[in-house]
Amino acid sequence: MKIIVYGDFHPRNRGREVAKAGKYESLFSEVKAVNEAYDYRIANLECPVVTGEASPIAKDGPCIECGEEGPALLGYAHFDCVTLANNHFRDYGEEGVQQTLQVLQKHGIDHVGGGRQIDEASRTLFKEVKGATLAIVNCAEHESSIATDSRGGSNPLDPVRQYRAIKEARAQADYVVVIVHGGVEHYDKPTPRMQECYRFFVDAGADAVVNHHQHCFSGYEVYQGKPIFYGLGNFFFDNPKCVGVGWNKGYAVGLNLEDGRVEFQLIPYLQCSGQPGWTRLDEKEEAEFLQTIGAINAIIADPTALKKAHLQFLEEHVGLNEALLTPYTSYWAEALCEKGWLPNYYPKKKLVVLLNRIECESHRERLIHYINHRLGK
């Protein structure tokens with residue numbers, strides 16, 4: 001069987017207006033042409049589909065959504081399945097979750113990684129494709145979209161649970177693909193934690209691991225004969241302010257699964273750069289793209305270099321938490337503190353306590369419960 005996996009899809013801004021007008025061909029004619037060569041096509045639906053009454057939730061970061069034009073555009077390009085494990089699926093609460101599932105069913109699009117409660121969200125998708133059984137396990141790092149026993153949302157990244165899911169899938173399916181939504185936004189490499197986790201999924205029996213979320217593309221490696229892709233980049237995510245930057249370039253992964261073998265192909269592209277739409281890179285652009293990927297892959301293959309790159313990134317962005325862990329309360333004071341123009345007088349003794357609460361698993365559970373209690377969750 002031949003399957004293809006894309007990254008984050010959110011029809012917004014100019015792209016949304018064109019899709020709402022039904023001009024799908026102007027946006028996705030090339031996507032459709034690529035997809036016709038594959039037997040099963042998957043994209044990450046990076047937002048709920050809101051068609052009725054629904055309110056945004058309180059969260060860190062923006063709440064985003066689309067209307068029925070989203071699934072309609074995917075249907076035009078022959079997509080068969082969407083992944084729902086991401087940090088935006090629950091942006092419009094229970095209503096958004098319910099409406100998304102209803103619209104996907106209406107359009108005949110499979111889904112995995114999201115549901116009305118945790119049991120549904122964590123189900124593995126089994127699909128018969130070209131006479132073989134494909135199993136898809138989908139999960140996301142813990143943000144505000146996670147499902148529980150009592151609310152809808154996304155399947156959380158939990159290596160223990162995913163280990164069991166992969167083992168169960170391995171016993172029932174011919175091929176197992178794990179798709180994860182995680183990583184550091186705008187950082188083009190995996191963290192050492194990600195590499196350890198995704199390699200563990202291969203050890204558990206995954207035939208391929210695919211990651212998205214960072215809004216920029218990353219590299220890949222072949223581990224124990226199985227490919228791990230650490231970041232596909234945006235698939236269709238319009239931002240008129242972003243032109244010619246990492247936001248606009250990405251790649252889809254074509255997987256050829258046959259006779260127990262896993263072969264793959266990268267399909268590099270440009271999305272929403274200048275005009276809303278999606279186009280494959282030409283031969284020269286693709287060669288330059290693959291050269292960039294190769295440089296990232298060299299770092300991924302070297303544990304020391306990967307740790308050094310991650311540490312450097314952390315040091316360069318240390319100011320991100322200055323505004324969070326500061327005694328200042330006004331916006332401007334926090335901003336000045338974040339840039340290092342105002343000193344941070346947050347007591348180091350309290351930092352020691354806070355670090356312990358975060359690092360220790362048992363303390364972290366209690367801290368999360370306390371914060372949720374304060375927020376009325």
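Everything in this summary refers to the structure shown in the same document. As the structure is a computational prediction, the values presented were derived from the model and not from experiment. Sequence positions are assigned chain by chain, starting from 1 and proceeding in written order. Selection of residues for local features in this predicted model requires a pLDDT of at least 70, selection of side-chain atom pairs for listing and counting requires 80 or more, and totals for whole chains, interfaces and linings are taken over all residues. Computation of side-chain values covers all heavy atoms of the structure but excludes hydrogens and water.

### Section: the overall build of the protein
To keep it simple, the criterion reads: Secondary structure follows DSSP: runs of H or I at least 4 residues long count as helices, runs of E at least 2 residues long count as strands, and numbering of each begins at the N terminus. Note on method: radius of gyration uses C-alpha positions; expected globular size equals 2.2 Å times residues raised to 0.38. Each accessible area value is a Shrake-Rupley result obtained with a 1.4 Å probe; residue values ignore everything except the protein chains displayed when judging cover. As used throughout, the charge tally considers Lys and Arg to be positive and Asp and Glu to be negative, leaving His and the chain termini uncounted. Lys charges are placed at NZ, Arg charges at CZ, Asp charges at CG and Glu charges at CD.
Looking only at helices and strands, one finds twelve helices and 16 strands in the protein. For 377 residues, the compact-globule estimate of 2.2 N^0.38 gives 21 Å, and the C-alpha radius of gyration of the protein, at 21 Å, lies within 12% of that figure. Its C-alpha atoms put the protein at 60 × 50 × 45 Å along the principal axes. For the protein, the exposed area adds up to about 18200 Å²; of that, 51% sits on carbon and sulfur atoms. Here the protein holds 40 positive side-chain charges and 50 negative ones, and the gap between their average locations is 4 Å.

### With respect to the sheet that holds strand β12 (residues 226–229)
Let me state the cut-off plainly: Two strands are counted as paired when DSSP detects at least two bridges linking them. Whenever a helix is involved, its axis is fitted only over the stretch in contact; in every case the axis is a line through C-alpha atoms, and angles between N-to-C directions fall within 0 to 180 degrees.
Strand order in the open sheet formed by six strands is β6-β7-β9-β10-β12-β11, with mixed pairing between adjacent strands. Sheet topology places β6 (125–129) and β11 (220–223) at the edges, where each strand pairs with a single neighbour. Strand-to-strand twist of the sheet, defined as the mean angle between neighbouring strand axes without regard to direction, takes the value 20 degrees. In this sheet, strand β10 (residues 208–212) lies alongside strand β9 (residues 175–181) in parallel orientation, the contact comprising five bridges.

### Observations concerning the packing of aromatic side chains
This is how the line gets drawn: Pairing of aromatic side chains here covers Phe, Tyr and the six-membered ring of Trp, requires ring centres within 6.5 Å, and sorts the geometry by plane angle: under 30 degrees stacked, over 60 edge-to-face, intermediate tilted. The buried label goes to any residue with under 20% of its type's maximum accessible area, the exposed label to any with over 50%, and the partly exposed label to all in between, with areas taken from a 1.4 Å probe on protein chains only. Each ring is checked for a lysine NZ or an arginine CZ that lies within 6 Å of its centre and within 35 degrees of its normal; such an atom marks a charge sitting over the ring.
Using the criterion set out here, one finds 23 aromatic pairs in the structure. When the centroid spacing of 5.2 Å and the interplanar angle of 90 degrees are considered together, the rings of Phe237 and Trp247 count as edge-to-face. Of this pair, Phe237 sits in strand β13 (residues 234–237) while Trp247 sits in the loop between β13 and β14 (249–258), and the two are ten residues apart along the sequence. Side by side, Phe237 and Trp247 carry an identical accessibility label, which is buried. Ring pairs connect the aromatic residues Tyr6, Phe9, Phe28, Phe79, Phe235, Phe236, Tyr269 and Trp278, which therefore count as one cluster. Its guanidinium or amino end placed over the ring of Tyr38, Lys2 lies 5.1 Å from that ring's centre, counting from NZ or CZ.

### Let's talk about the pairing of strand β7 (residues 132–140)
Where burial is concerned, most of β7 is hidden: nine out of the nine residues are buried. Here β7 shows a buried face lined by Ala132, Leu134, Ile136, Asn138 and Ala140 and a second buried face lined by Thr133, Ala135, Val137 and Cys139. In this sheet, β7 lies alongside β6 in antiparallel orientation, the contact comprising five bridges. Bridging across to β7, Leu125 finds its partner in Ile136. In textbook terms, the turn of a hairpin is the stretch between consecutive antiparallel strands, and for β6 and β7 this stretch comprises two residues, one of which, Lys130, has a positive phi near 55 degrees.

### Considerations on unusual backbone geometry
Even without being glycine, His186 reaches a positive phi, approximately 65 degrees. With respect to the element layout, His186 can be found in the loop between β9 and α7 (192–204).

### Quick word on the packing of helix α6 (residues 159–172) against α7
Basically, it comes down to this: Between 65 and 115 degrees an angle is taken as roughly perpendicular, under 35 as roughly parallel, over 145 as roughly antiparallel, and anywhere else as oblique. In this scheme the handedness of a crossing depends on how the near helix is turned from the far one: anticlockwise by less than a right angle means left-handed, clockwise means right-handed. Two residues form a contact once any of their heavy atoms are found within 4.5 Å. The classification used treats Ala, Val, Leu, Ile, Met, Phe, Trp, Tyr, Cys and Pro as nonpolar, Asp, Glu, Lys and Arg as charged, and all other residues, Gly among them, as polar.
At a closest axis distance of 9 Å, the pairing of α6 and α7 adopts a crossing angle of 30 degrees. With respect to their mutual orientation, α6 and α7 come out roughly parallel. Crossing of α6 against α7: the hand is right-handed. Judged by residue contacts, Pro159, Gln162, Tyr163, Ile166 and Lys167 of α6 engage Cys197, Phe200, Phe201 and Ala204 from α7. Partitioning the contact of α6 with α7 into residue classes produces seven nonpolar, one polar and one charged.

Geometry only, nothing functional implied.
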